[in-house]
Amino acid sequence: MLSSSRARFGSRAATQSLTSLVRRRGGRRSLHLAPPFLLDDYIPRYQLLSEVEASKKRSRAYAHLSNCNLCPRLCGVNRFETTGMCLIGDNVKVNVIAPHFGEEPCIQGHNGSGSVFFSGCNLRCTFCQNHDIAHQRNGFDLTPEELAQWYIKLQEVGHVHNINLITPEHVVPQVALSILAARDMGLKLPIVYNTSAFDSLASLELMDGLVDIYLPDFKVWSKATSQRLLKAEDYASTAMESIRAMHAQVGDLCFTPDGVAKKGLLVRHLVMPGKEAEGVEIMKFLAEKVSRDTFVNIMEQYRPDAHVGKPKRRTKKGGDEQGDQEEVRYADINRAVTKEEISVVRKAAEAAGLWRFCDPPRHDGFAI
């Protein structure tokens with residue numbers, strides 16, 4: 001793993017003093033901005049790549065496009081000629097590029113996160129809140145070089161804190177090429193890889209050295225739920241493998257003194273109606289198999305969307321003249337989550353030893 005930061009520790013006495021502040025009574029830690037999670041300065045990882053390493057990544061990116069195996073679907077298509085499950089060819093299709101203020105406070109900061117919303121996806125979540133982007137080819141086509149120019153615009157005009165690549169799993173080769181091109185154009189911002197966690201190890205290997213912050217959303221735990229709601233039975237096993245690989249690359253989430261995250265892993269989990277038991281297992285996995293210092297955002301903003309709650313029609317038996325009977329699709333998740341369901345997941349996370357959460361600040365200052 002490339003080292004691209006200098007932790008500000010000071011003298012040994014000062015370090016011990018600061019570290020002691022990280023613990024409350026009973027040994028419970030309370031501060032995010034304390035050693036070893038505080039950075040004095042940060043250089044993006046892609047800035048540290050040699051020209052030889054960059055050239056190798058370019059070659060691998062083009063090779064993967066010609067025989068696509070960079071997501072768990074393993075379509076194997078030549079994306080210069082056709083498309084696979086994601087519906088995207090050799091160029092990316094982008095829906096929105098703009099400073100975004102809907103992310104975690106440590107990601108969006110004061111100036112916003114330079115978000116790039118890619119069209120297409122390698123999952124088919126029945127409840128997708130961006131289904132008009134993820135399930136359709138809406139947007140405009142960009143080459144990797146054109147995408148790199150947009151990164152520079154976000155940096156120079158938007159003054160954003162980072163480049164936030166949203167749903168990039170299916171366009172990893174193009175993203176890798178765009179980052180390398182932007183580096184040559186003068187990009188100096190950290191790269192955020194904002195993913196569903198349905199990534200292959202091959203794609204994460206290609207992104208190693210290019211990504212500073214991994215932001216996976218670990219959705220569900222069981223095979224049955226994965227197949228029914230995401231249309232990918234192997235989702236949970238893939239997500240576990242991917243998140244561990246992400247952490248191995250960038251470690252735990254670290255900040256500069258302004259409270260903006262610069263490197264590391266931040267894991268999201270969207271609590272879903274009736275699925276709190278799966279959230280409990282996800283929290284245990286993060287604590288036991290990744291790191292108890294994992295920064296976690298337990299999200300409560302689930303709402304029925306996409307296919308959830310849409311009517312489905314079934315004909316009554318016996319040819320009843322009343323006609324068709326209307327039923328609702330995915331009725332079990334056709335509601336908002338309850339406070340109790342959210343509390344179950346949060347308590348499980350704390351019981352497992354997790355302590356770094358994306359909570360609203362208890363003061364008038366910036367949420368760090």
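What counts and how
Residues numbered from 1 in each chain as written. Predicted model: local features only at pLDDT ≥ 70, side-chain atom pairs only at ≥ 80, totals over all residues. Heavy atoms only, no water. Axes fitted to C-alpha atoms, helices over the stretch in contact; angles between N-to-C directions. Helix = DSSP H or I, 4+ residues; strand = E, 2+ residues; numbered from the N terminus. Parallel < 35°, antiparallel > 145°, perpendicular 65-115°, else oblique. Left-handed = near helix turned anticlockwise from the far one by under 90°. Contact = heavy atoms within 4.5 Å. Nonpolar A, V, L, I, M, F, W, Y, C, P; charged D, E, K, R; others polar. Expected span 1.5 Å × (residues − 1). Buried < 20%, exposed > 50% of the residue type's maximum accessible area, 1.4 Å probe, protein only. Arc of directions from axis to C-beta. Pairing = 2+ DSSP bridges. Core = buried A, V, L, I, M, F, W, Y, C linked by side-chain atoms within 4.5 Å. Phe/Tyr/Trp six-rings, centres within 6.5 Å; stacked < 30°, edge-to-face > 60°. Lys NZ or Arg CZ within 6 Å of the ring centre and 35° of its normal. Salt bridge = Lys/Arg side-chain N within 4 Å of Asp/Glu carboxyl O.

Q: Would you explain the packing of helix α10 (residues 276-290) against helix α11 (residues 339-352) in this entry?
A: In a pair of packed helices, the angle between the axes and the distance between the axes together describe the arrangement. Where α10 contacts α11, the two axes come as close as 8 Å, and the packing angle between them is 20 degrees. By the angle between their axes, α10 is roughly parallel relative to α11. As α10 packs across α11, the resulting crossing turns out to be right-handed. Within the contact between the two elements, α10 uses E276, G279, V280, M283, K284 and A287 and α11 uses E341, V344, V345, A348, A349 and A352. In the contact of α10 with α11, the residues fall into eight nonpolar, one polar and three charged.

Q: Looking at this structure, how should I read the packing of helix α9 (residues 235-250) against α10?
A: One can describe the packing of α9 onto α10 by two numbers: an axis separation of 11 Å at closest approach and a directional angle of 45 degrees. In this view, α9 runs oblique relative to α10, as classed from their interaxial angle. Like other packed secondary-structure pairs, α9 and α10 cross with a definite hand, here right-handed. Note on element contacts: α10 touches α9 through F285, L286, K289 and V290, opposite M240, I243, R244 and H247.

Q: Explain helix α5 (residues 144-156) here, please?
A: Because each turn of an α-helix spans 3.6 residues, side chains separated by three or four positions in sequence point in the same direction. With 13 residues, α5 extends 19 Å between its outermost C-alpha atoms, agreeing within 8% with the 18 Å of an ideal straight helix rising 1.5 Å per residue. Listed as buried for α5 are P144, L147, A148, Y151, I152, L154 and Q155. Each buried residue of α5 sits inside an arc of 160 degrees when the element is viewed along its axis, so together they form one side. Looking at the buried side of α5, the elements it contacts are β3 (92-100), β4 (113-118), β5 (140-142), β6 (163-166) and α6 (172-185).

Q: Could you clarify how one ought to interpret the pairing of β3 in this entry?
A: Strand residues, when the strand is regular, have side chains that alternate between the two faces of the sheet. Of the pairings in the sheet, the one linking β3 to β5 comprises three bridges and is antiparallel in character. Looking at β5, one finds that V92 is bridged to L142. Two strands pair when backbone bridges link them, and β3 and β4 are joined in this way by six bridges, in the antiparallel orientation. Across the sheet, residue I97 finds its bridge partner in β4, namely V116.

Q: Whenever I open this one, the nonpolar core confuses me. Can you help?
A: Most often, soluble globular proteins keep nonpolar side chains buried together rather than apart. One finds M207, Y235 and L286 to be the most contacted residues of the largest nonpolar core, which totals 83 residues. Setting aside anything within four residues of it in sequence, one finds L286 in contact with I243, V267, S291, R292, T294, V296 and L354. Judged by nonpolar contacts, the second largest core, of ten residues, contains L215, L253, F255 and A261.

Q: Where do I start with the packing of aromatic side chains in this structure?
A: When we look at a pair of aromatic rings, we describe it by the centre distance and by the angle of the planes. The full count for this structure, using the stated rule, is nine aromatic pairs. Three or more aromatic residues joined by ring pairs form one cluster here, namely F198, F218, W221, Y235 and F285. The ring of W150 carries the charged tip of K153 above its face, separated from the ring centre by 4.4 Å. The ring of F357 has R346 sitting right over it, with the charged end atom 3.9 Å from the ring centre.

Q: What exactly am I supposed to notice about the pattern of salt bridges here?
A: Pairing is possible between side chains that carry opposite charge, provided their charged atoms lie close to one another. In the structure shown here, the tally under the stated rule is twelve salt bridges. Between E104 and R268 there is a salt bridge, and its shortest N-O distance comes to 2.7 Å. Here R268 lies in strand β10 (residues 261-270) and E104 lies in the loop between β3 and α3 (105-108), a separation of 164 residues in the sequence. Note that K219 and D217 form a salt bridge whose closest N and O atoms lie 3.2 Å from each other. Note on accessibility: K219 and D217 belong to one class, buried. Members of the salt-bridge network, linked through shared partners, are E103, E104 and R268.

All we've got here are geometric facts, nothing functional implied.
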